[in-house]
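Analysis of the macromolecular model
Residue-level listing of the chains:
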Amino acid sequence: MKKFAFLFLFFFFFTPNVFANDLKLNELTIKNGELSIPFDPLNNEYSVLIEKEVTSLELTYQADEEVAVFLKDNHDLENNAIVVLTLTKENKSVDYRFHILKEEEEVVQQTFLETTPETLKANFMFEYKNYIIPSVCFTLIMVVFKILFHKKRHKK
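Residues numbered from 1 in each chain as written. Predicted model: local features only at pLDDT ≥ 70, side-chain atom pairs only at ≥ 80, totals over all residues. Heavy atoms only, no water.

**Some thoughts on the overall build of the protein chain**
Each helix and strand counted, the protein chain has three helices and seven strands in total. Here the protein chain holds 156 residues, and 17% of them are scored as buried. By sequence separation, contacts in the protein chain at least 24 residues apart represent 46% of the contacts at least 6 residues apart. As displayed, the protein chain has an accessible area near 14,000 Å², and 59% of this comes from carbon and sulfur atoms. (Helix = DSSP H or I, 4+ residues; strand = E, 2+ residues; numbered from the N terminus. Buried < 20%, exposed > 50% of the residue type's maximum accessible area, 1.4 Å probe, protein only. Contact = heavy atoms within 4.5 Å. Areas by Shrake-Rupley, 256 points an atom, 1.4 Å probe, with all protein chains shown as cover.)

**Looking at the confidence of the model for the protein chain**
With 71% of its residues at a pLDDT of 70 or more, the protein chain has an overall mean of 80. Confidence scores differ between elements of the protein chain, with helix α1 (residues 2–14) showing the lowest mean pLDDT of 56 and strand β6 (residues 82–89) the highest of 93. (pLDDT = per-residue confidence, 0-100.)

**Quick look at the nonpolar core**
Membership of the largest hydrophobic core comes to 21 residues, with the highest contact counts inside it found for V48, I50, L57, L77, Y96, F98 and I100. For this core, the secondary structure elements donating two or more residues are β1 (27–30), β3 (45–50), β6 and β7 (92–102). The element contributing the most residues to this core is β7, with four residues. Residues within four places of L57 in sequence aside, it is in contact with I30, N32, V48, I50, N74, L77, V83, F98 and I100. (Core = buried A, V, L, I, M, F, W, Y, C linked by side-chain atoms within 4.5 Å.)

**Some thoughts on the environment of K89**
For K89, the location among the structural elements is in strand β6. If we ignore the near neighbours within four places in the chain, the residues touching K89 are D22, L23, E66 and V67.

**Topic: the pattern of salt bridges**
Using the criterion set out here, one finds three salt bridges in the structure. The partner of E45 in a salt bridge is R97, and the shortest N-O contact between them spans 3.7 Å. You can see E45 sitting in strand β3 and its partner R97 sitting in strand β7, a full 52 residues away along the chain. D95 is the salt-bridge partner of R97, the closest N and O atoms lying 3.8 Å from each other. (Salt bridge = Lys/Arg side-chain N within 4 Å of Asp/Glu carboxyl O.)

**Comments concerning the side chain of N74**
Relative to the helices and strands, N74 resides in the loop between β5 (68–72) and β6. N74 sits in the buried class, given a relative accessible area of 16%. Here L57 takes part through its backbone nitrogen, which lies 2.7 Å from a polar atom of the side chain of N74. Apart from residues no more than four positions distant in its own chain, N74 is found in contact with S56, L57 and V83. (Polar contact = N/O pair within 3.5 Å; in protein donor to acceptor, adjacent residues only side chain to side chain.)

**A word on the packing of aromatic side chains**
One pass over the structure, following the stated rule, counts four aromatic pairs. With 6.3 Å between their ring centres and 40° between their planes, F39 and Y96 make a pair best called tilted. Of the two residues, F39 is situated in the loop between β2 (34–35) and β3 and Y96 in strand β7; the sequence distance between them amounts to 57 residues. On the basis of an interplanar angle of 45° and a centroid distance of 5.0 Å, the ring pair of F145 and F149 is categorised as tilted. The class for F145 is partly exposed, based on a relative accessible area of 43%. We classify F149 as exposed; its relative accessible area is 56%. Clustering of aromatic rings is evident, with ring pairs tying together F39, Y46, Y96 and F98. (Phe/Tyr/Trp six-rings, centres within 6.5 Å; stacked < 30°, edge-to-face > 60°.)

**Focus: the sheet that holds β2**
Spatially, β2-β3-β7-β6-β5 is the arrangement adopted by the five strands of the open sheet, whose pairing is mixed. Every interior strand has two partners, whereas the edge strands, β2 and β5, have only one. Two elements, β3 and β7, share six bridges in a ladder whose sense is parallel. Within β7, the position partnered with L49 by the bridge is L101. (Pairing = 2+ DSSP bridges.)

What follows is the structure, encoded as structure tokens:
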């Protein structure tokens, strides 16, 4: 049993997660935004800074001929949106994710006297869920354990 657990942990934690090594973009530029770091074909996560009027990314990219490229969620962009560029070839796929950061209008901070604190009335379950849920689960586990493993005493 210990050998099985060791093998499971070994394959789960030490195997590479990239299954499609040959799928990558050769070039990528964004015409109406700025990448957080220079483009690297092996990096799949980027932040893109765009102006507040921009509603979709204008991407130009170059990939191999046999690779199909799909662009997802590239419309009505808001702050913290994610645009996904998917490359597929046969049964393999790789995603490039672009986290959108929009330039926002300057927020005017109010002084302490201008703000009124809002008090939120939390319900009982929400306030004590960290205590109620574990205690109920523990009680249920103990009841099931007693039912399943109840030893009958024999009289001599």
